[in-house]
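These are the residues of each chain, in order.
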Amino acid sequence: MSGQRTTTRYGTWCLGYLIYRVIYNVFFHPLAKIQGPIAWSATRLPFIYSLLRGTLIHDVEKLHRKYGPVIRIAPDEVTFAQAEAYPDIFLSQKDSKAFLKDHVWWETQPGLPDTILSAINPEKHAHIRRLLAPGFTTRALRDQEPILHQYVNLLVDRLRDCCRGTEAAQIDLVPWLNFTTFDIIGDLGFGDSFNCLQDSRYHPWTALLFSTVKAATWVASARYYPLVESILLKCIPSSLMKTQTDHYQRIADKVDRRLNFEVERPDVLSHVIKKLEEEPLPIGEINSTFMILTTAGSETTATLLTGIMNYLVNCPDKLNILVNEIRHKFGRQGDITLDALRDLPYLNAVINEERWLSEVRSDPTSPFSKDRDEAVQPFSLGPRSCLGQNLAMAELRLIIAKLLWTFDFEPVTELPPNTD
Ligand code: HEM
């Protein structure tokens, strides 16, 4: 009986505390005056629900349209849909403290090595970034260009194979774009391609990555509630832990092999090796950072390429303009170089969003004429902005140009079975 009474008392206490928190969050919290839906301001749960459904970005956009440019999307979180917010948040301001990354999203599990993305301490982050940065300069990219051509040419060859003997092949481009960007980052990162293009299938490491990225939203959601997080961590089956360790180990082995290479090659690790003596970094942090690099430098670019190709095939008039620009500029496929692609106006407009073409911006009847380009920062800004943006732009230009130079594309209504 007394056990039952204690449980009831505990339940009443919890309910009381919950009601108190909700009232406090909605009416008395320092952010209470900021606009936003009451349910989102009262508890973190609507945010988590939206995050786990994969609709957070769209939901937040809808909320901005309804409530304005500054809204509260959780008891302690505010989002901004204003160009000025980028420099305010990401560039350090004189006389004010820099905003640090959110621990919930970025911090590694206790005991695991830091990476360039997870290092929250600015000095620690700057140290890792200094080591990697020489591998991402425009000069480094020039040396890496032959490696890019090698894989994009292989992509074209593999797609040609798929078209052989038929007038119009139906191909799901998504895996092929991922194969290409994964192979490139494997080779450019640590001199060891994943051979996805060669084998026409995802390497087990890359296949596993997709489920890891999905699992990351669950981990982040649990982190908002430390008790839930600790229970979740205790419940992870040992088989899953082993999969995670193997995933890490495969990259660690590749890094280890590369560290013992005698050959001079222009990959990112070669630049790190040159600086290691002057700026030492524990091997665990090198491995983990290269694991992050492999993720940050592949799926991102492939996803953007997928979006671009999808829009293009569904807007044949725009596709035509771009094809004409590319085929007019290059007589032979071998003439396509990064230098020659850098200033192609329509290609760049397609990548950066076409609304930025000068004729569109200067047309007062265009719905985009008042748009501000500084509000679009896909690579972010400041000391933690994307280190691989030159490489990403180079890959995007080269892959689109070589595909459109070689093939005629149109949408298919029925997808072929998965190549995975
Ligand atoms: C279209 C493709 C890409 C997009 C849209 C993109 C976007 C971003 C963004 C928004 C960040 C900042 C994340 C944060 O707030 O911490 C970032 C960071 C980073 N990206 Fe990219 N990225 C792309 C491709 C690449 C490529 C190809 C690489 C090459 C390996 C790369 C390497 C990195 C690295 C190393 C960081 C961490 C920088 C730091 O924390 O100092 N990214 N990227």
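Remember, it's a predicted structure, so these values are computed and weren't measured experimentally.

About the cut-offs
- Residues numbered from 1 in each chain as written.
- Predicted model: local features only at pLDDT ≥ 70, side-chain atom pairs only at ≥ 80, totals over all residues.
- Heavy atoms only, no water.
- Donors = N, O, S within 2.8 Å, 3.2 Å for Na, K, Ca; no water.
- Helix = DSSP H or I, 4+ residues; strand = E, 2+ residues; numbered from the N terminus.
- Salt bridge = Lys/Arg side-chain N within 4 Å of Asp/Glu carboxyl O.
- Buried < 20%, exposed > 50% of the residue type's maximum accessible area, 1.4 Å probe, protein only.
- Contact = heavy atoms within 4.5 Å.
- Polar contact = N/O pair within 3.5 Å; in protein donor to acceptor, adjacent residues only side chain to side chain.
- Near = heavy atom within 4 Å.
- Axes fitted to C-alpha atoms, helices over the stretch in contact; angles between N-to-C directions.
- Parallel < 35°, antiparallel > 145°, perpendicular 65-115°, else oblique.
- Left-handed = near helix turned anticlockwise from the far one by under 90°.
- Nonpolar A, V, L, I, M, F, W, Y, C, P; charged D, E, K, R; others polar.
- Core = buried A, V, L, I, M, F, W, Y, C linked by side-chain atoms within 4.5 Å.
- Domains from an automatic or database assignment.
- Buried area = accessible area lost by both parts, 1.4 Å probe.

Participant: I'd like a description of the coordination of the iron atom of the ligand, backed by residues and values.
Facilitator: The sole protein-derived ligand of the iron atom of the ligand is Cys386 (SG), positioned 2.3 Å away. Relative to the assigned elements, cysteine 386 resides in the loop between helix H20 (358-361) and helix H21 (389-406).

Participant: Break down the pattern of salt bridges for me, citing the residues and quoting the values.
Facilitator: Taken as a whole, this structure holds 24 salt bridges when the rule is applied. With a shortest N-O distance of 2.9 Å, arginine 332 and aspartate 335 are connected by a salt bridge. Look at the salt bridges and you will find they share partners, linking Asp187, Arg258, Arg265 and Asp267 into a network.

Participant: Report on helix H7 (residues 122-132), specifying residues and quantitative values.
Facilitator: Buried within H7 we find His125, His127, Ile128, Arg129, Leu131 and Leu132. Taken together, the buried residues of H7 touch helix H14 (268-276) and helix H15 (283-296). Taking the backbone nitrogen of glutamate 123 as reference, a side-chain oxygen 2.8 Å away marks asparagine 121 as the first, capping residue of H7.

Participant: Mind laying out the site of the ligand, listing which residues take part and the relevant values?
Facilitator: The environment of the ligand is made up of 25 residues, and the closest members are Lys101, His125, Arg129, Pro378 and Cys386. Side-chain polar atom of lysine 101 to an oxygen atom of the ligand: 2.6 Å apart, as the coordinates give it. Within the side chain of histidine 125, a nitrogen or oxygen atom sits 2.6 Å from an oxygen atom of the ligand. Elements supplying a minimum of two residues to the shell around the ligand: H7, H15, helix H16 (299-314) and H21. With three residues, H16 is the largest single contributor of residues to the shell around the ligand.

Participant: Describe the packing of H14 against H15, with residues and values.
Facilitator: Viewed as axis vectors pointing N to C, H14 and H15 meet at an angle of 155°, and their least axial separation amounts to 12 Å. As judged from the angle between their axes, H14 and H15 are roughly antiparallel. The handedness of the crossing between H14 and H15 is right-handed. Contacts between H14 and H15 involve Val268, Leu269, Val272 and Leu276 on the former and, on the latter, Ile286, Phe290 and Leu293. In the contact of H14 with H15, the residues fall into seven nonpolar, no polar and no charged.

Participant: Quick one: what's the story with the nonpolar core, residue by residue and with numbers?
Facilitator: If you look at the biggest cluster of nonpolar residues, it comprises 71 residues, and the most contacted ones within it are Leu132, Leu148, Phe290, Leu322 and Leu404. If you tally residues by element for this core, the top one is H21, at ten residues. Other than its neighbours up to four places away in sequence, leucine 148 contacts Leu141, Ile184, Leu188, Leu338, Leu391, Ala394, Glu395 and Leu398. Ile48, Val60, Ile73 and Tyr224 belong to the second largest nonpolar core, which has eleven residues in total.

Participant: Which residues make up the side chain of threonine 55, and what values do they have?
Facilitator: Locating threonine 55 in the fold gives a position in the loop between helix H3 (45-53) and helix H4 (56-67). Of the residues examined, threonine 55 reaches a relative accessible area of 19% and is grouped as buried.

Participant: An account of the domain arrangement of the chain is requested, with residue identities and associated values reported.
Facilitator: Accessible area lost upon the coming together of the parts serves often as the stated size of an interface. What the domain assignment reports for the chain is domain 1 (22-82) and domain 2 (131-406). Once you take the C-alpha centre of each, domain 1 and domain 2 turn out to be 32 Å apart. Each partner contributes to the interface: domain 1 provides seven residues, whereas domain 2 provides five residues. Buried surface at the junction of domain 1 and domain 2, summed over both partners, amounts to about 590 Å²; 73% is from carbon and sulfur atoms. Its largest share of buried area at the contact with domain 2, domain 1 owes to Arg44, Leu51 and Leu52, together 67% of the area lost on that side. At the junction of domain 1 and domain 2, the tally comes to zero salt bridges. One can count one residue pair in polar contact (both at pLDDT 80 or more) joining domain 1 with domain 2. The biggest single contributor to the side of domain 1 that touches domain 2 is H3, with five residues. Of the residues in the side of domain 1 that touches domain 2, the class split is five nonpolar, no polar and two charged.

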